[in-house]
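Take a look at the letters that make up each chain.
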Amino acid sequence: MNASSVSLPIRLLVVLLLVVIMAPLAVPMLMAVSDSPFLTFPPQGFTLRWFERVLLSREAQASFLFSLQLACWSTIVALLLGVPAAAALVRYSFPGRSAIIGLMLSPVIVPLIVTGVALLQMFSSLGWGDTLTQLIIGHAVVCLPYVVRSVTASFMLVNRDLEDAAAVMGAPPYKVLTRVVWPQVRPGILAGAVFSFVVSFDDYPISMWLADGRHFPLPLYLHGLLERSIDPSIAAISTLVILFALLLVIVIEKVFGISIARLAT
Amino acid sequence: MTPMNRRTFGKLALGATSFLAAPAILTRNAWAQGKEIQVGIWGGAQGEYVRTAIVPQFEADFGCTVITEEGFTLANVEKMRATRTNPQFSVMFIDDVAIPIARDEGLIAELPLDKMPAAEMLFDRFNFGGYGTGLAISVASLFHNTGITPPDSYGDLWDPKWAGKIKLVSPKNTPSVFFLIVAAALKTGKPFAEAQYEIGNAFDKVAELKPNVLNIFDNGPVAVGEVAQGQADIGLLELSKYVYPYTAQGAPVTMSFPKEGSFAGNNSQVLVKDGPNQDLAVAFMNRMLESDVQKAFSEFALTAPPVGGIEFSEEASKYMVYPDTAMDSAGLFTPDWEFVNANRSAWTEELNGIFSA
């Protein structure tokens, strides 16, 4: 179907939907440039000083960099556990398979605030005091379902005949894996990594229980700022986070040549 | 040169005083060298001041490490519960409402007040039976946009002229208990001290307010900002520590105090039972009560201190009810939290039923 065949009402509906989806993102972006000492909407005047204040804030920088570090580690752990798990769940039939799938997806079903307090209780009982490790494990637990779901879908779509053909033609297993399987599951793994990164980067409920003053992710910093700050700095940070997410999408599309829109469908 | 603001001055004054006394303090506190405690603090302006001014100075004076973790009362109580078998926290900041709960569950220890010389100046009402001390006292009352004339009585808020103009505090937040006491007082005609025990019969009065309620808020500072912008006329009700920072910076929002009286919001500190390095924890709690710390802390957060003998500037005094005699004159009421805690979940369900219908 080409663009010209889409009727006008459908086009208007799409535009309306896009406006509804995008409007909440536009509000903080507009408030961030307001030249007033308080959060106001519609904005009054124009200034970039709130961005300057945020970008020069050592606390904001530290929280942003820590969130980045945490999201990277959590994503790596979730991929290391999730990709083999997804492959096994798709390719092998074994007792308890359904139970394992349910267990892996449970962090999405159980409220995260409950998962967070349960993790705190577990770490405390074990006497495990390293906050960074606790946070990485906690975030990996909630990221795992996204990796498993996305990679499972990729493995289900893999054409097994191609693998058999390669093997029959004499390709050793590692070549079948790298030349035949990998190109087919790569988009799913990348999608899982992206979702995992975003889920970890945005997480508040798990971090709320496990973080401390030395390990303070950005969402906790934003929440604290919302409680103590009345100027548009928080809108400036929100804008920067939105722009960061956009940058992430552009990098993935341009560098890896993978369409996020296609992955989402 | 950039003019020095109230908050920067407070931090510098606290730092300069401590710097001059540093050599003697370090020798005296050698026992604490290398020790570490974890303290659950609040977020907001109070948390910021504790993290950036009080903790660094305490660490320098005692040669120790204090790890702070920001939270709020219910989360901080839950953290103590979750780590009960192997406590990680040594000191926890919670509101007075939760002290009886934490005490009855064995989460907190009785304070060794003989090792806390700064507690000598503590007003009796803020020692909570020896299981905690006050840290900062706010007033809970109405807040309103300065463009309107606030009502003299809480009862006026039920008038149809306020239809859709009131933001009501969420049942999740402690000030919602104050709202229920107000409703009970209006229905029964009794003072707050007696009306609090008749909340269960006052939900029809609560329901009558519904047409005047624009929406429910659970984030005080955001609600205050919305009233300042004119999205609603009145907020019912919130602690002064969330309102006055806006007022002090010139936002068109302030508090008003209806004739029935107002409420005390008591931010407090407790000693976690069997928490690590209890001696250092007690020293930290003592530091929190010292006069120079309390003066700077109060002026930063615009709250009143729980200890006597502190002189405030005229500007700072505008935002606090201090000392204890002034609190009595202002009719600041502290509910019977043991009774409230025993009934709060049922009241919350009633409130949810009314305002979500």
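Everything numeric in this text was worked out from a predicted model, so none of it was measured.

Engineer: Report on the overall build of chain A, specifying residues and quantitative values.
Structural biologist: From N to C terminus, chain A includes 12 helices and zero strands. In sequence order, chain A lays out its α and β elements as α-α-α-α-α-α-α-α-α-α-α-α. On the principal axes, the C-alpha backbone points of chain A span a range of 70 × 65 × 30 Å. Burial status across chain A gives 34% buried among its 265 residues. Considering only contacts in chain A between residues 6 or more positions apart, those separated by 24 or more positions represent 73%.

Engineer: Go over the overall build of chain B with me, naming the residues and quoting the values.
Structural biologist: Within chain B one finds 15 helices and 11 strands. Its C-alpha atoms give chain B a radius of gyration of 21 Å, near enough to 21 Å, the size a compact globule of 357 residues would have. Viewed in the frame of its principal axes, chain B has a C-alpha envelope of about 65 × 55 × 30 Å. Within the span of chain B, comprising 357 residues, buried residues form 48% of the whole. Looking at chain B alone, contacts between residues at least 24 apart form 75% of all its contacts between residues at least 6 apart.

Engineer: Lay out the domain arrangement of chain B in plain terms, naming residues and giving numbers.
Structural biologist: All names here are of chain B. Each assigned domain of chain B is listed with its residue range as follows: domain 1 (6-137 + 265-325) and domain 2 (138-264 + 331-356). The distance between the C-alpha centroids of domain 1 and domain 2 comes to 28 Å. With 15 residues of domain 1 in contact, the opposing surface of domain 2 contributes 18 residues. The set of elements that each furnish at least two residues to the side of domain 1 that touches domain 2 consists of α5 (99-104), β5 (133-145) and β10 (262-272). Across the side of domain 1 that touches domain 2, the residue classes tally to 10 nonpolar, three polar and two charged.

Engineer: Got a sec to walk through the environment of Leu218 of chain A? Specific residues and values, please.
Structural biologist: All names here are of chain A. Along the chain, Leu218 turns up in helix α10 (residues 218-228). For Leu218, a count of 26 C-beta atoms within 10 Å puts it in the buried group. Sequence spacing of Leu218 and Leu247 is 29 residues, and the spatial spacing of their C-alpha atoms is 18 Å. Residue contacts for Leu218: discarding those within four places in its chain leaves Ser63, Phe64 and Ser67.

Engineer: Please provide a residue-by-residue account of helix α11 (residues 278-289) of chain B, values included.
Structural biologist: Helix length check: α11 of chain B, at 12 residues, gives a terminal C-alpha distance of 17 Å against a target of 16 Å (1.5 Å per residue), a fit within 8%. When we look at burial in α11 of chain B, the residues that qualify are Leu280, Ala281, Ala283, Phe284, Met285, Met288 and Leu289 of chain B.

Engineer: Before we move on, could you go through unusual backbone geometry and cite the residues and values that matter?
Structural biologist: Residue and element names in this part refer to chain B. At the junction of Leu236 and Leu237, the peptide bond is cis and its omega measures out at -20 degrees in the coordinates. Note on placement: Leu237 falls in strand β8 (residues 234-239). Omega for the peptide link from Tyr322 to Pro323 comes to 0 degrees, which places this bond in the cis form. Relative to the elements of secondary structure, Pro323 occurs in the loop between α13 (314-317) and α14 (324-329). You will see that Asp274, though not glycine, has its phi angle at about 60 degrees, which is positive. Residue placement: Asp274 occurs in the loop between β10 and α11. A positive phi angle is found at Asn277, which is not glycine, with a value near 45 degrees. Note that Asn277 resides in the loop between β10 and α11.

Engineer: Provide a residue-level description of the interface of chain B and chain A, including the pertinent values.
Structural biologist: At the junction of the two partners, chain B supplies 29 residues and chain A supplies 23 residues. Breaking the side of chain B that touches chain A down by element, the ones donating at least two residues are α3 (44-62), β2 (65-71), α4 (73-82), α9 (220-228) and α10 (240-248) of chain B. Per-element tally for the side of chain B that touches chain A: the top contributor is α3 of chain B, with five residues. Split into classes, the residues belonging to the side of chain B that touches chain A amount to 10 nonpolar, 13 polar and six charged.

Engineer: Got a sec to walk through the packing of α9 of chain B against α10 of chain B? Specific residues and values, please.
Structural biologist: Residues and elements named next belong to chain B. Contact pair α9 / α10: the axes reach a minimum separation of 9 Å and the direction vectors enclose 40 degrees. One element, α9, and the other, α10, form an angle in the oblique class. The interaxial crossing formed by α9 with α10 has right-handed handedness. Judged by residue contacts, Gly220, Pro221, Val224, Gly225 and Ala228 of α9 engage Tyr242, Val243 and Tyr246 from α10.

Engineer: How would you summarise the confidence of the model for chain B if you had to cite specific residues and measurements?
Structural biologist: Across chain B, the average pLDDT comes to 89, with 92% of residues at 70 or higher. Model confidence for the complex: the whole-complex pTM is 0.80, and ipTM, which rates the interface, is 0.75.

Engineer: Provide a residue-level description of helix α3 (residues 58-91) of chain A, including the pertinent values.
Structural biologist: Along its 34 residues, α3 of chain A runs 49 Å from first to last C-alpha, staying within 8% of the 50 Å computed at 1.5 Å per residue. In the structure, α3 of chain A departs most strongly from a straight axis at Leu79 of chain A, where the bend amounts to approximately 25 degrees.

Engineer: How would you summarise the nonpolar core if you had to cite specific residues and measurements?
Structural biologist: Residues and elements named next belong to chain B. The biggest cluster of nonpolar side chains holds 164 residues, and the ones touching the most others in it are Val91 and Phe284. Taken domain by domain, this core gets at least three of its residues from each of domain 1 (6-137 + 265-325) and domain 2 (138-264 + 331-356). Setting aside chain neighbours within four positions, we find Phe284 in contact with Ile37, Val39, Phe58, Val66 and Val91.

Basis of the calculations
Residues numbered from 1 in each chain as written. Chains lettered and ligands numbered in written order. Predicted model: local features only at pLDDT ≥ 70, side-chain atom pairs only at ≥ 80, totals over all residues. Helix = DSSP H or I, 4+ residues; strand = E, 2+ residues; numbered from the N terminus. Buried ≥ 20, exposed ≤ 12 C-beta atoms within 10 Å, placed from the backbone. Contact = placed C-beta atoms within 7 Å. Rg over C-alpha atoms; globule rule 2.2 N^0.38 Å. Domains from an automatic or database assignment. Nonpolar A, V, L, I, M, F, W, Y, C, P; charged D, E, K, R; others polar. Expected span 1.5 Å × (residues − 1). Axes fitted to C-alpha atoms, helices over the stretch in contact; angles between N-to-C directions. Parallel < 35°, antiparallel > 145°, perpendicular 65-115°, else oblique. Left-handed = near helix turned anticlockwise from the far one by under 90°. pLDDT = per-residue confidence, 0-100. Bend = angle between axes of the 7 residues up to and from the residue. Core = buried A, V, L, I, M, F, W, Y, C linked by C-beta atoms within 7 Å.

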